[in-house]
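A look at the structure
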Amino acid sequence: MFRTRSFLIVVIAFFAFTISALPSRGQEGNGVKNAKKDKWNVAIIIHDGVELLDFAGPGEVFQAAAGGRAFNVYAVADSTQPVTSQRFLKLTPNHAITDCPKPDIVVIPGGNTNVLRNSPAMMKWVKAVSADAEIMFSVCTGAFVLADLGLLDGKEATTHWSALKGLEKFSKVKVCPDRRVVDNGKIVTSAGVSAGIDGALHIVARLCGMEAAKKTARYMEYRWAPDGKPSSELDSKSPETQARVLWFSEDWDGAAKAYAQIVTHDPKDAVAHYRLGICQTRLKQNKEARASLEQALKLGMEGSDLLATLGRVYLLVEEAEKAGECLEKAVRSGSGEYFAQYNLACARALSGKKEQALAELEKTFSARAIDVNVALLDTDFASLRKDSRFRELFRKYASDRPLRLVSAEEPGKPLVVTGTIRDADGKPVAGALLEIYQADNDGNYTKEPGKAMSESQSRIFGYIRTRSDGKFEFKTIVPGYYPRRDKVEGDAAFIPKHIHINVTASGFPNRRMQMVFVDDPRMTEYWHDWAKKGRHPVGNPTTAEGGLVRCTCDLTIQAK
């Protein structure tokens, strides 16, 4: 089914917009021993003059690690007023220190660090949160904040090469000029600017496992050379630590077995039930996942991630009503709403609630949370496809991304059509809307008896806009032949294979045309004359290895 195939697409779009932390339900502690925490809260301090890459590099690492499942990242300052980085970039903190969620990891970037060091309120806050934080992590001259507070006393540390002499003035600190990252357990310091990425990856390796850190570095296309060995706490053989490393390394089978053992020994571990359920969804064990996620909910775990995932699982086990109830709660909770909103639209459609399904789908489209092409081929919306309002949504929110009109299972030869729309002077037309529809491999627009030739009910359709260079691309199948037309003589009775393309562009009259194919045996002189007189494009398809057919369709439109 579509949902099992598209889940990652929807999740990626969801995480690109917002990552929400599920509440931590379990013991607090230092280091990596707290296996019952679902996500670590990462507070990144920002201030006027903060070095851009000092905070953006670690922020990217923590946000991307384990597909967004490991850390809840937010920026904090002494107030929520905007601050300026590098004298050009305005930044608005997520929180002030007076309302900041309790951090597990505090990132102290460099730059004009004197702004922090001269702020009694900020220094008091850093000192206070350091008591319970698992890791205090400085980048560049952020180390001076830790040194001022005595948190580096008796420890090794590093900073930007230009500030090493200054750090050496703190007599109780052993400065390591040749180290890019220095790990003291609770206190981690890194050298300047880009070294913050190394430090953040090092922390990911400590908490989530080396494989998770390497995957994050690969995603960022960052050539990471781990600086020394992570904390010895990584060597812990406890079931919780092993399970967590498997989880963040996305070894779903291994993690499922590990978390199954944990919930056997501790049936009240809500996070373990939750993670077991996630593993089971990845392994397509949907009924088992439903039971695990329901148990996590019953044990008091909350959050839109859990509700949205459980709602999706209800869809997969064809319990649309339960899915709707669960997903509606996820949407109301706020965070992660677009992932939940899309699946809520699916649930409403499957429950026969057409009006609600259309409303939820438009909310998802209007937020640009997913590619509309994802929904175009989703079989959950089969009951809506004949509704003109459903089609109008795709027209309204059409994008310039390559358009896919059919699924991989659609019978027929796969076809890729590329082209450029230009005006009479040969200039590309950007943002032109193409409405595309066609017959299937059997020559029918629909599968319904008596309506097989109904263009308005075409089963294969879609909308796409041209890019800034006027180009477009769509993937479909080579259409089949219509039946012979009754009461028509000669070649006119045998209509060639064709694809309808209707073009709408600002400043141009609407253009309706049908693309035909030069190698079609039905393309006789009669039909070539028809194409020429009507300015219908005649494509010259080529067949590549594997049977894929490619065709170019360049179009010219005249101004009004």
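Shown above is the structure to which this text applies.
Owing to the predicted nature of the structure, the values given are computational and were not obtained by experimental measurement. Position labels on residues start from 1 in each chain and follow its written sequence. Residues qualify for local features only when their pLDDT is at least 70, as the model is predicted, and side-chain atom pairs are given and counted only at 80 or more; totals for whole chains, interfaces and linings, by contrast, use all residues. Here the side-chain values reflect all heavy atoms present in the structure, with hydrogen atoms and water set aside.

Now for the overall build of the protein. By definition, any uninterrupted DSSP run of H or I lasting at least four residues is a helix, any uninterrupted run of E lasting at least two residues is a strand, and each is numbered from the N terminus. Within the protein, the secondary structure is distributed over 19 helices and 22 strands. For the C-alpha atoms alone, the extent of the protein along its principal axes is close to 100 × 55 × 45 Å. A total of 560 residues make up the protein; the buried ones form 53% of that total. In this analysis, two residues are considered to be in contact whenever any of their non-hydrogen atoms come within 4.5 Å of each other. Across the protein, every contact between residues at least 6 apart in sequence was considered, and the portion connecting residues at least 24 apart equals 65%. Only the protein chains shown count as cover for residues, and all accessible areas are computed by the Shrake-Rupley method using a 1.4 Å probe. On the protein, roughly 25100 Å² of surface is accessible, and the fraction owed to carbon and sulfur atoms is 50%. Three labels apply to residues, based on accessible area from a 1.4 Å probe with only protein chains included: buried if under 20% of the type maximum, exposed if over 50%, partly exposed otherwise in between.

This brings us to the nonpolar core. In terms of nonpolar packing, the biggest core is built from 136 residues, with Phe71 and Phe381 touching the most fellow members. Setting aside residues up to four positions removed in sequence, Phe381 forms contacts with Tyr342, Ala345, Cys346, Ala349, Leu361, Ala375 and Phe390. In this text, buried Ala, Val, Leu, Ile, Met, Phe, Trp, Tyr and Cys residues form a nonpolar core when linked through side-chain atoms within 4.5 Å. Counting 31 residues, the second-largest nonpolar core is a separate cluster that includes Met122, Ala133, Ala163 and Val173.

Here we take up the sheet that holds strand β11 (residues 187–190). Pairing within the open sheet is mixed, and its seven strands lie in the order β5-β2-β1-β6-β7-β11-β10. Among the strands making up the open sheet, the edge pair consists of β5 (95–96) and β10 (181–183). Any two strands with at least two DSSP bridges between them are considered paired. Bridging between strand β6 (residues 105–108) and strand β7 (residues 135–139) involves four bridges; their strand directions are parallel. Residue pairing for β7: Ile108 is matched across the bridge by Ser138. Axis lines are fitted to C-alpha atoms, over the contacting stretch for helices. Their N-to-C directions set the angle, which ranges from 0 to 180 degrees. Along the sheet face, helix α7 (residues 195–208) touches β1 (40–45), β2 (71–77), β6, β7, β10 and β11 and points at about 160 degrees away from the line of β7.

Another aspect to go through is the side chain of Thr364. Considering the arrangement of structural elements, one finds Thr364 in helix α16 (residues 354–366). Between N or O atoms, a polar contact is any pair within 3.5 Å; within protein, one atom must be a potential hydrogen donor and the other a potential acceptor, and residues adjacent in sequence are included only when both atoms are from side chains. Reaching out from Thr364, the side chain makes a polar contact with the backbone oxygen of Glu360 at a distance of 3.0 Å. The residues contacting Thr364, other than those within four sequence positions of it, are Tyr338, Gln341, Tyr342, Ala369 and Ile370.

Either a parallel or an antiparallel arrangement is found when strands of a sheet pair, and the pairing is made through backbone hydrogen bonds. Spatial strand order, β15-β14-β17-β18-β19: five strands in an open sheet with mixed pairing. At either end of the open sheet lies a strand with only one pairing partner, and these are β15 (460–465) and β19 (538–539). As paired elements, strand β17 (residues 499–504) and strand β18 (residues 511–517) share five bridges and run antiparallel to each other. Bridging across to β18, Ile501 finds its partner in Met513.

Residues Ile187 and Thr189 point to one face of β11 and Val188 and Ser190 to the other, with burial holding for every one of them. Strand direction decides the pairing type here: β7 and β11, joined by four bridges, are parallel. Bridged to Phe137 within β11 is Val188. With three bridges connecting them, β10 and β11 associate as antiparallel partners.

On to the packing of helix α12 (residues 286–298) against helix α13 (residues 304–316). The N-to-C vectors of α12 and α13 enclose an angle of 150 degrees; their axes lie 9 Å apart at closest approach. The orientation of α12 with respect to α13, classified from their angle, is roughly antiparallel. Considering the relative orientation of α12 and α13, their crossing is left-handed. Of the residues in α13, those touching α12 at Asn286, Ala289, Arg290, Leu293, Glu294, Ala296 and Leu297 are Leu306, Leu307, Thr309, Leu310, Val313, Tyr314 and Leu316. Partitioning the contact of α12 with α13 into residue classes produces ten nonpolar, two polar and two charged. Between 65 and 115 degrees an angle is taken as roughly perpendicular, under 35 as roughly parallel, over 145 as roughly antiparallel, and anywhere else as oblique. By the definition used in this description, the sense in which the near helix is turned from the far one sets the handedness, with an anticlockwise turn below a right angle giving left-handed and a clockwise turn giving right-handed. Any residue outside Ala, Val, Leu, Ile, Met, Phe, Trp, Tyr, Cys, Pro, Asp, Glu, Lys and Arg is labelled polar, Gly included; the first ten of those are nonpolar and the last four are charged.

Another point: the packing of α7 against helix α8 (residues 210–219). Between α7 and α8, the least distance of the axes is 6 Å, while the angle of their chain directions is 145 degrees. Relative to α8, the crossing made by α7 is right-handed. Side by side, α7 and α8 meet where Leu201, Val204, Ala205 and Cys208 of the first sit next to Met210, Ala212, Ala213, Thr216 and Ala217 of the second. A class-by-class count of the residues in the contact of α7 with α8 yields eight nonpolar, one polar and no charged.

In this description, a pair of aromatic rings is defined by centroid distance and the angle of the planes. In this analysis, rings of Phe, Tyr and Trp, with Trp reduced to its six-membered ring, are considered paired at centre separations within 6.5 Å, and the interplanar angle assigns stacked below 30 degrees, edge-to-face beyond 60, and tilted for intermediate values. As enumerated under the stated definition, the model contains 19 aromatic pairs in all. Members of the aromatic cluster, connected to one another through ring pairs, are Tyr342, Phe365, Phe381, Phe390, Phe394, Tyr397, Phe461 and Tyr463. The criterion for a charge sitting over a ring is simple: Lys NZ or Arg CZ within 6 Å of the ring centre, and within 35 degrees of the ring normal. The ring of Trp247 carries the charged tip of Arg69 above its face, separated from the ring centre by 4.7 Å. Across the ring face of Phe461, the terminal group of Arg391 is positioned such that the distance to the ring centre comes to 4.0 Å.

What follows concerns helix α4 (residues 120–130). Residues of α4 that are buried: Met122, Met123, Trp125, Val126, Val129 and Ser130. Within α4, the buried residues cover an arc of 160 degrees as seen down the axis, which keeps them to one side. The exposed set on the far side of α4, more than 90 degrees from its buried face, consists of Pro120 and Lys124. Structurally, α4 contributes buried residues whose contacts are with β1, β2, β6, α3 (114–117), β7 and α5 (143–148). This arc corresponds to the set of directions leading from the helix axis out to the C-beta atoms.

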